[in-house]
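# Coordinate analysis (summary)
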Amino acid sequence: MKPFTVRLNVDGDLDFFLGARTRGGKAERHLSEKTSVKDVIESFGIPHPEVDLILVNGKAVDFAYPLTSDTEMDLYPPGIQSSHSREKHLQAHTIRAFVADGHLGKLVRDLRLVGIDVSYDPMAEDRQLVEIASRSDRALLTRDRRLLMHAAVQHGYYLRSQNPLEQTIEVLQRFDLGSVLSPFSRCLRCNALLEPAEKENVIGQLEPLTKIYYDEFRRCTGCAQVYWSGSHFTKLQKRLEQIRSELGS
């Protein structure tokens, strides 16, 4: 096959993945064999779940589209409006459930605090994360670029920041979750939903002073952890206010 060139143009923040040596969101590859769009995109370091619209010589295509000759390829991330906004988009925009890799414990706590469904096991291996994401139709949250490129991963997001608060805002904005937040509705430990609990039904789990000063409780429907408005609740409220403030800014 005659060698050919793929010239890449990226929109939005996809140039994040191209590296500091690449300027203006442009790059190119020289190929000598038929290659799928997905493989070419990921050869540039861009995980496929980060790409919502692909134009090959002005035509919208999917990840399986084969490249065999000189090509001008334009990539758009989710949320970017363009003159091609009516074309078929590749990413779901209604994801409401997630699985996070083992390095994102603080992000998971924040997301559960605002009521977002996040599966999390700090000891889970990559193959387990991929399986959970695929089986449960969850979006994979990670800072492992290669993991997000796994063929079985349909939905996902690569966290740009290493700061937990900034990561939380990234996820809430990327998946447009601002309107579905339900603070203090989910267990921070196991992710299950909370339900009101009568004091007499949880009194055996309470410390002596808690029994005296508190009367309203919630219990996890999964692990049975009991929650009440103690000093820890004040800290959680402060964190929630930080999240809301940053999300609204």
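This text goes with the structure placed above it.
Summarised in this report is the structure supplied together with it. Quick caveat: nothing in here was measured; it's all calculated off a predicted structure.

### Some words on the state of the cysteines
- Counted under the stated rule, the structure contains zero disulfides.
- In this structure Cys190 is a free cysteine whose sulfur lies 3.3 Å from that of Cys220, the closest cysteine sulfur available.
- Residue Cys190 is classed as partly exposed on the basis of its relative accessible area of 33%.

### Considerations on the sheet that holds strand E7 (residues 71–76)
- Strand order in the open sheet made by the five strands is E2-E1-E7-E4-E5, with mixed pairing throughout. In this open sheet, the two edge strands, each paired with only one partner strand, are strand E2 (26–31) and strand E5 (59–61). This sheet shows a mean twist of 30° between the axes of neighbouring strands, independent of strand direction.
- Two elements, strand E1 (residues 4–10) and E7, share five bridges in a ladder whose sense is parallel. By the bridge assignment for E7, Val6 is matched with Thr71.

### A look at the packing of aromatic side chains
- Per the counting criterion, the structure on display carries seven aromatic pairs.
- Both rings, one in Phe16 and one in Phe17, keep their centres 5.2 Å apart while their planes meet at 90°; by these two values the pair is edge-to-face.
- Judged by relative accessible area, which is 36%, Phe16 ranks as partly exposed.
- Measuring from centroid to centroid gives 6.0 Å for Phe16 and Tyr158, while their planes differ by 50°, and the two rings are tilted. Of this pair, Phe16 sits in the loop between E1 and E2 while Tyr158 is found in strand E11 (residues 156–158), placing the two residues 142 residues apart along the sequence.
- Relative accessible area serves as the criterion here: at 8%, Tyr158 is assigned to the buried category.
- Cluster of aromatic residues (ring-pair linked, three or more members): Phe16, Phe17 and Tyr158.
- Sitting above the plane of the Phe44 ring, Arg29 keeps its charged end 4.4 Å from the centroid.

### Points about unusual backbone geometry
- For Asn57, which is not glycine, the phi torsion reads 50° and is therefore positive.
- Within the element layout of this structure, Asn57 appears in the loop between strand E4 (53–56) and E5.

### Topic: the side chain of Ser161
- Here Ser161 lies in the loop between E11 and helix H5 (164–174).
- Judged by its relative accessible area of 13%, Ser161 is buried.
- In terms of polar contacts, Ser161 uses its side chain to reach the backbone amide nitrogen of Asn163, at 2.9 Å.
- If we skip the residues at most four places from it in the chain, Ser161 touches Arg143, Glu166, Gln167 and Glu170.

Reading the values: rules and limits
Residues numbered from 1 in each chain as written. Predicted model: local features only at pLDDT ≥ 70, side-chain atom pairs only at ≥ 80, totals over all residues. Heavy atoms only, no water. Disulfide = S-S within 2.5 Å. Buried < 20%, exposed > 50% of the residue type's maximum accessible area, 1.4 Å probe, protein only. Pairing = 2+ DSSP bridges. Helix = DSSP H or I, 4+ residues; strand = E, 2+ residues; numbered from the N terminus. Axes fitted to C-alpha atoms, helices over the stretch in contact; angles between N-to-C directions. Phe/Tyr/Trp six-rings, centres within 6.5 Å; stacked < 30°, edge-to-face > 60°. Lys NZ or Arg CZ within 6 Å of the ring centre and 35° of its normal. Polar contact = N/O pair within 3.5 Å; in protein donor to acceptor, adjacent residues only side chain to side chain. Contact = heavy atoms within 4.5 Å.

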